[in-house]
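What the coordinates show
Here is what each chain is made of, one letter per residue.
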Amino acid sequence: MSARPLTDREQQAWAELESALRRDRRFERRVTASPARPRWRRVLLPLMAVLSMILLVAGVMSSQPAVIGAFGVVWTATVLGVFRWLFRAFS
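Here the structure is a predicted model, which is why all the values come from computation and not from measurement.

All right, on to helix H2 (residues 39-62) then. The end-to-end C-alpha separation of H2 is 34 Å, in line with the 34 Å expected for 24 residues at 1.5 Å each. In H2, a bend of some 30° at Leu 45 exceeds every other bend along the element, and Pro 46, a proline, comes one to four places later. Turning to H2, its buried residues number three or more, namely Met 48, Ser 52, Leu 55 and Gly 59. The elements touched by buried residues of H2 are helix H3 (65-89). Directly beyond the C-terminal end of H2, a positive phi value near 55° is found at Ser 63.

Let us look at the packing of H2 against H3. The description of two packed helices rests on the angle between their axes and on the distance between the axes. In contact at an axis separation of 8 Å, H2 and H3 are set at 150° when each is read in the N-to-C sense. Viewed along their axes, H2 and H3 adopt a mutual orientation that is roughly antiparallel. Taken as a pair, H2 and H3 cross one another with a handedness that is left-handed. Between H2 and H3, the residues in contact are Leu 45, Met 48, Ala 49, Leu 51, Ser 52, Leu 55, Leu 56, Ala 58, Gly 59 and Ser 62 and Val 67, Ile 68, Ala 70, Phe 71, Val 74, Trp 75, Ala 77, Thr 78, Gly 81, Val 82 and Trp 85, respectively.

With that out of the way, let us pick up H3. Over its 25 residues, H3 extends 36 Å from the first C-alpha to the last, a length consistent with the 36 Å expected when each residue adds 1.5 Å. Those residues of H3 that fall on the buried side of the exposure criterion are Val 67, Phe 71, Val 74 and Thr 78. Of the surrounding elements, those touching the buried residues of H3 are H2.

Looking now at the environment of Val 50. As for its placement among the helices and strands, Val 50 is situated in helix H2. Accessibility expressed as a relative area gives 47% for Val 50, which makes it partly exposed. Along the primary structure Val 50 and Trp 75 are separated by 25 residues, whereas in three dimensions their C-alpha atoms are 9.8 Å apart.

The subject of this paragraph is the confidence of the model for the protein chain. Mean pLDDT over the protein chain works out to 84, with 84% of the residues at or above the 70 mark. Per-residue pLDDT, averaged within each element of the protein chain, yields its smallest value for helix H1 (residues 8-32) (78) and its largest for H3 (92).

Along the chain, Ser 52 turns up in helix H2. Residue Ser 52 is classed as buried on the basis of its relative accessible area of 2%. Residues within four places of Ser 52 in sequence aside, it is in contact with Phe 71, Val 74, Trp 75 and Thr 78.

Definitions and cut-offs
- Residues numbered from 1 in each chain as written.
- Predicted model: local features only at pLDDT ≥ 70, side-chain atom pairs only at ≥ 80, totals over all residues.
- Heavy atoms only, no water.
- Helix = DSSP H or I, 4+ residues; strand = E, 2+ residues; numbered from the N terminus.
- Expected span 1.5 Å × (residues − 1).
- Bend = angle between axes of the 7 residues up to and from the residue.
- Buried < 20%, exposed > 50% of the residue type's maximum accessible area, 1.4 Å probe, protein only.
- Contact = heavy atoms within 4.5 Å.
- Axes fitted to C-alpha atoms, helices over the stretch in contact; angles between N-to-C directions.
- Parallel < 35°, antiparallel > 145°, perpendicular 65-115°, else oblique.
- Left-handed = near helix turned anticlockwise from the far one by under 90°.
- pLDDT = per-residue confidence, 0-100.

As structure tokens, then:
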């Protein structure tokens with residue numbers, strides 16, 4: 001094997017190959033070494049579901065507009081969170 005220097009075209013191809021490999025390694029490192037999801041994210045949806053049920057019962061018992069409004073806000077966020085979780089789980 002001869003030790004001749006690379007031509008300009010070969011050097012350019014080599015540089016493109018190295019940059020593509022570097023980008024691929026960065027992407028792979030980012031995907032595989034992503035930190036574990038924080039615990040609060042795993043607990044938030046069940047807590048919101050429990051809170052919405054508590055607000056539902058409190059709203060029925062007291063008929064206060066503030067409690068009913070809080071239930072509407074928490075319940076909507078809970079339903080959207082459940083749909084988001086389902087779509088991510090089954091896609």
